[in-house]
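Each chain, written out:
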Amino acid sequence: MKTTAGRILTEAAARLAAGGVEEPALNAQWLLADATGVERLRLLAEPDTQVAPAALKKFRAGLLQKEQGLPLAYILGWQDFMGLRINVDKRVLVPRPETEELAGHAADFLLGRKGDLSVLDYGSGSGAIGLWLARRFPALRVTGVEISARAINCSADNARELGVADRVKFVKGSTLAAVRSTFDAIVSNPPYIPTGVIPGLAPEVLSEPRVALDGGGDGLDVARMLVRLAPARLKKGGAMIMELGGGQAPRLLAAMPAAVWTGKKTFKDLCGVERFLFARKK
Ligand SMILES: C[S@@+](CC[C@H](N)C(=O)[O-])C[C@H]1O[C@@H](n2cnc3c(N)ncnc32)[C@H](O)[C@@H]1O
């Protein structure tokens, strides 16, 4: 029987590729590492490693789920976010690499602020952004606002597991009116995909919560609400820092009045997409 890691990985990658799965080799490697408890790179360096029957069974079950279009992170039960292990499942969106950049921009801004710092993570989902910021800044207070009670349960568990539950709270709400205080920064990765685009998305994305994706007709329903209500929820000089889809950030910035906002700019992501919006309350 072909039960060495190398053979298993070769066959599994071919099977995933034939099924149209993106990055078939990498997916197979992560699934085998998860099933065996052996580090992914070690499996590659030692392809003659024997895989025990129980691990092989678990691996095959994961492979099937991957073929059926489930995101790898749901199968593993976690996603790495800026070096933190964030538990994820069907209740929440899988945090994306570009959102790591968003969190980095927020951290850059907070480094220049003085005093007791507080951040609002709007549409907190798994909690990834706010939880990473809470770990990055040991005195930072974080509030997450989230429309989905199921997502809040997930993020609250993550906060406990990451040891920051005493400085992080999650509030259920569908607008910024859900909170009363003011913050040094509002950081948000709102749903921003236009409704009409959603049916054409990859199966992996379609297995994530629709409420995490669908931003309404032009994708900007939640984003527009945020820029409208943010001035009342920001301290003087506080920042609105948002992730959006390609082309959306300049459109939204143009609708933010100069009487209220200063330092308006957009940032490109590492792929060159103009994705992040930044503005400070005057
Ligand atoms: C794109 S996901 C971002 C999740 C997480 N912050 C991340 O970056 O991985 C958007 C999140 O906003 C939540 N959401 C959608 N509409 C909302 C609304 N009107 N008010 C609050 N949260 C909302 C969704 O449930 C989802 O968790």
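Just so you know, these numbers come straight off a predicted model, no measurement behind them.

Caption draft 1: Inspection of the overall build of the chain at higher detail. Scanning the chain from N- to C-terminus turns up 11 helices and 9 strands. Compactness check: the chain gives a C-alpha radius of gyration of 21 Å against a globular reference of 19 Å for 282 residues, within 12% of the reference. Once local pairs closer than 6 in sequence are excluded, the contacts in the chain between residues at least 24 apart make up 66%. Approximately 13,200 Å² of the chain is accessible, and the part contributed by carbon and sulfur atoms is 55%. One finds the centroid of the 38 positive side-chain charges in the chain at a distance of 7 Å from the centroid of its 29 negative side-chain charges.

Caption draft 2: Broad picture of the pattern of salt bridges. Considering all chains together, one arrives at 14 salt bridges under this definition. Residue aspartate 214 is joined to arginine 210 by a salt bridge in which the shortest nitrogen-to-oxygen separation is 3.1 Å. Taking the relative accessible area as the measure of exposure, arginine 210 reaches 46% and is therefore partly exposed. With its nearest N and O atoms 3.5 Å apart, the salt bridge here joins arginine 224 to aspartate 221. Of this pair, arginine 224 and aspartate 221 both sit in helix H10 (residues 221-229), 3 residues apart, which is roughly one turn of the helix. Overlapping salt bridges bring together Asp218, Asp221, Arg224 and Arg251 as one network.

Caption draft 3: Spatial organisation of the domain arrangement of the chain. Partitioning the chain into domains gives domain 1 (5-68) and domain 2 (90-281). Computed over C-alpha atoms, the centres of domain 1 and domain 2 are 34 Å apart.

Caption draft 4: Local environment of the environment of threonine 182. Looking at where threonine 182 falls in the secondary structure, it is placed in the loop between strand E5 (168-172) and strand E6 (183-188). The exposure class assigned to threonine 182 is partly exposed, which follows from its relative accessible area of 34%. Taking the C-alpha atoms as reference points, threonine 182 and arginine 233, separated by 51 residues in sequence, lie 4.4 Å from one another. When near neighbours in sequence (up to four residues on either side) are disregarded, threonine 182 contacts Ser118, Ala232, Arg233, Leu234 and Lys235.

Caption draft 5: Seen up close, the sheet that holds E5. If you walk across this open sheet you meet the 7 strands as E5-E4-E3-E6-E7-E9-E8, and the pairing is mixed. The strands lining the two open edges of the sheet, one partner per strand, are E5 and strand E8 (261-268). Across the sheet, the axes of successive neighbouring strands diverge by a mean angle of 15°, strand direction being ignored. Of the pairings in the sheet, the one linking strand E7 (residues 234-243) to strand E9 (residues 274-281) comprises 5 bridges and is antiparallel in character. Bridged to methionine 242 within E9 is leucine 277. Packing against the sheet, helix H8 (residues 149-161) makes contact with strand E4 (141-146) and E5, and its axis sits at approximately 175° to E5. On top of the sheet, H10 reaches strand E3 (118-122), E6, E7 and E8; it is set at about 170° to E7, its chief contact.

Caption draft 6: Just the pairing of E5, in detail. As paired strands, E4 and E5 are joined by 5 bridges and run parallel to one another. Of the residues in E5, the one forming a bridge with glycine 144 is phenylalanine 170. For the handedness criterion, the β-α-β arrangement of E4, H8 and E5 is classed as right-handed.

Caption draft 7: Quick peek at the nonpolar core. Judged by nonpolar contacts, the single largest core of 63 residues is most densely connected at Leu32, Phe59, Leu110, Leu133, Leu140 and Val187. If you count residues domain by domain, this core takes at least three from each of domain 1 (5-68) and domain 2 (90-281). Setting aside its immediate chain neighbours within four residues, leucine 110 contacts Leu117, Val119, Leu133, Phe137, Leu140, Asp184 and Ala185. Core analysis: the second largest hydrophobic core is formed by 30 residues, Leu220, Met242, Leu253 and Leu277 among them.

Caption draft 8: Representation of the site of the ligand. If you check the shell around the ligand, you find 18 residues, and the closest are Tyr122, Gly123, Glu146, Ser174 and Asn189. At 2.8 Å, a backbone N or O of glycine 123 approaches a nitrogen atom of the ligand. Take asparagine 189: an N or O atom from its side chain is 2.9 Å from an oxygen atom of the ligand. Its residues assigned to classes, the shell around the ligand comprises 10 nonpolar, 7 polar and 1 charged.

Caption draft 9: Geometry of H10. Every buried residue of H10 is listed here: Ala223, Met225, Leu226 and Val227. Check the buried side of H10 and you find it contacts E3, E6, E7, helix H11 (248-254) and E8.

What counts, and at which threshold
- Residues numbered from 1 in each chain as written.
- Predicted model: local features only at pLDDT ≥ 70, side-chain atom pairs only at ≥ 80, totals over all residues.
- Heavy atoms only, no water.
- Helix = DSSP H or I, 4+ residues; strand = E, 2+ residues; numbered from the N terminus.
- Rg over C-alpha atoms; globule rule 2.2 N^0.38 Å.
- Contact = heavy atoms within 4.5 Å.
- Areas by Shrake-Rupley, 256 points an atom, 1.4 Å probe, with all protein chains shown as cover.
- Lys, Arg positive; Asp, Glu negative; His and termini not counted.
- Charge placed at Lys NZ, Arg CZ, Asp CG, Glu CD.
- Salt bridge = Lys/Arg side-chain N within 4 Å of Asp/Glu carboxyl O.
- Buried < 20%, exposed > 50% of the residue type's maximum accessible area, 1.4 Å probe, protein only.
- Domains from an automatic or database assignment.
- Pairing = 2+ DSSP bridges.
- Axes fitted to C-alpha atoms, helices over the stretch in contact; angles between N-to-C directions.
- Right-handed = clockwise from strand over helix to strand, strands pointing away.
- Core = buried A, V, L, I, M, F, W, Y, C linked by side-chain atoms within 4.5 Å.
- Near = heavy atom within 4 Å.
- Polar contact = N/O pair within 3.5 Å; in protein donor to acceptor, adjacent residues only side chain to side chain.
- Nonpolar A, V, L, I, M, F, W, Y, C, P; charged D, E, K, R; others polar.

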